[in-house]
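# Reading the structure
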Amino acid sequence: MDKKLIIANWKSYKNISDANDFIVALSGNINKINLENKEIVLAPSFQLLHLCKNLIEKYNLPVQLCAQDVSPFGEGAYTGAVNASQIKEFCDMVIIGHSERREFFNESDEVLNKKVEEAKKNNQRIVYCVQNEIQNIPSGVDVVAFEPPTAIGTGNPDNPEHIEKVFTQLGKRFSGKILYGGSIESDNVRDYIHINLCAGLLIGGASLEAKSFIEILSQW
Ligand code: PGA
């Protein structure tokens, strides 16, 4: 069975104690989740990757880690940047091109292409976010996440019919998994997970509390 990819994007939230509490709660409820049909991924901020890796090993959880971003450069004198080989010590997956990176950090297609190149060199599975059906998708991307900006963090998810149309368009030029992200919650997830071509979900706000994330994961 092709598993749905469910990614918890924690954005710039959570300290050590929050991350610990979340993983302990997930571990205590893992038996409520059907693991045959889904891949569960946590995307914490960089400083929590090490802790999360240790906790996932400690509790023997079937959970993968993902970085929320990656430097467009390799190793070198780039203050503040975290490069793909550094990330590789903790995980094999990285998000590139999230709307918030494009908007608040002015990331252009040129910069995003470099990030993809760096991630690819380090054999990362790349989850590339697009805001519509026409945005560029660099070659080497493994997974595309369609996240309309009007749906991110607003409580107004895009409607399933429109998402299916966008997926169909994206599918004409991209053959990997396509995810949807934007205001997915435990009370609407069923309308989205079964959309034709939907290979999974990128979940922000509703992934911050273990309870709501588990509620989402336990619905199919
Ligand atoms: P949201 O965020 O679920 O809070 O809308 C999704 C995302 O930005 O990945």
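One structure accompanies this document, and this report is about it. Since the model is a prediction, treat every value here as computed from it, not as a measurement.

## Quick notes on unusual backbone geometry
Negative phi values dominate among residues other than glycine, just as trans dominates among peptide bonds. We note that Asn-60 has phi near 55 degrees; this positive angle belongs to a residue other than glycine. Mapped onto the elements, Asn-60 comes out in the loop between helix 2 (49–58) and strand 3 (63–65). For Asn-60, a relative accessible area of 67% gives the class exposed. Positive phi, normally seen in glycine, also occurs at Asn-123, with a value near 55 degrees. Tracing the chain through its elements places Asn-123 in the loop between helix 5 (109–121) and strand 5 (125–130). What makes Asn-123 exposed here is its relative accessible area of 59%.

## Considering the packing of helix 1 (residues 16–29) against helix 2
Close contact between helix 1 and helix 2 brings their axes to 10 Å; oriented N to C, the two are set at 25 degrees. Taken together, the axes of helix 1 and helix 2 are roughly parallel relative to one another. Seen along the crossing, helix 1 lies across helix 2 with a hand that is right-handed. Mapping the contact onto sequence places Ile-16, Ala-19, Asn-20 and Ile-23 in helix 1 and Leu-51, Cys-52 and Leu-55 in helix 2. Split into classes, the residues belonging to the contact of helix 1 with helix 2 amount to six nonpolar, one polar and no charged.

## Let's talk about the site of the ligand
Near the ligand there are 13 residues, and of these Lys-11, His-98, Gly-153, Ser-183 and Gly-205 occur at the shortest range. A distance of 2.8 Å is found between an oxygen atom of the ligand and a backbone nitrogen or oxygen belonging to Gly-205. A total of 280 Å² of accessible area belongs to the ligand in isolation, and the protein chains cover 96% of it. The class makeup of the residues in the shell around the ligand is four nonpolar, seven polar and two charged.

## Remarks on the pattern of salt bridges
Side-chain pairs of opposite charge can arise where the charged atoms are in close proximity. All chains considered together, the criterion is met by 14 salt bridges. When the shortest N-O distance is used, the salt bridge between Arg-101 and Asp-69 registers 3.4 Å. Separated by 32 residues along the polypeptide, Arg-101 in helix 4 (residues 99–104) and Asp-69 in the loop between strand 3 and helix 3 (84–88) bring together distant segments of the chain. Between Glu-215 and Lys-211 there is a salt bridge, and its shortest N-O distance comes to 3.1 Å. Remark: Lys-211 and Glu-215 occur in helix 8 (residues 210–217); sequence separation between them is four residues, near one turn of the helix. On the accessibility criterion, Glu-215 (31% relative accessible area) is partly exposed. When salt bridges with common partners are traced through the structure, they connect Asp-2, Glu-39, Arg-125 and Lys-177 into a single cluster.

## Observations regarding the packing of helix 1 against helix 8
Interaxial distance between helix 1 and helix 8 falls to 9 Å at its minimum, and their mutual angle equals 35 degrees. The handedness of the crossing between helix 1 and helix 8 is right-handed. In this structure, helix 1 contributes Phe-22, Ala-25, Leu-26 and Asn-29 to the contact, and helix 8 contributes Ala-210, Phe-213 and Ile-214. Among the residues making up the contact of helix 1 with helix 8, the classes are represented as six nonpolar, one polar and no charged.

## Observations concerning helix 2
Inspection of helix 2 places Leu-49, Cys-52, Leu-55 and Ile-56 among the buried residues, and these make up the whole buried set. Taken down its axis, helix 2 places every buried residue within 130 degrees of arc, on the same side. In helix 2, the exposed positions angled more than 90 degrees off the buried face are occupied by Glu-57 and Lys-58. Those residues of helix 2 hidden inside the fold are in contact with helix 1 and strand 3. Phi turns positive one or two residues past the end of helix 2, at Asn-60, with a value near 55 degrees.

Quick notes on the rules
Residues numbered from 1 in each chain as written. Predicted model: local features only at pLDDT ≥ 70, side-chain atom pairs only at ≥ 80, totals over all residues. Heavy atoms only, no water. Helix = DSSP H or I, 4+ residues; strand = E, 2+ residues; numbered from the N terminus. Buried < 20%, exposed > 50% of the residue type's maximum accessible area, 1.4 Å probe, protein only. Axes fitted to C-alpha atoms, helices over the stretch in contact; angles between N-to-C directions. Parallel < 35°, antiparallel > 145°, perpendicular 65-115°, else oblique. Left-handed = near helix turned anticlockwise from the far one by under 90°. Contact = heavy atoms within 4.5 Å. Nonpolar A, V, L, I, M, F, W, Y, C, P; charged D, E, K, R; others polar. Near = heavy atom within 4 Å. Polar contact = N/O pair within 3.5 Å; in protein donor to acceptor, adjacent residues only side chain to side chain. Areas by Shrake-Rupley, 256 points an atom, 1.4 Å probe, with all protein chains shown as cover. Salt bridge = Lys/Arg side-chain N within 4 Å of Asp/Glu carboxyl O. Arc of directions from axis to C-beta.

These figures capture arrangement, not role.
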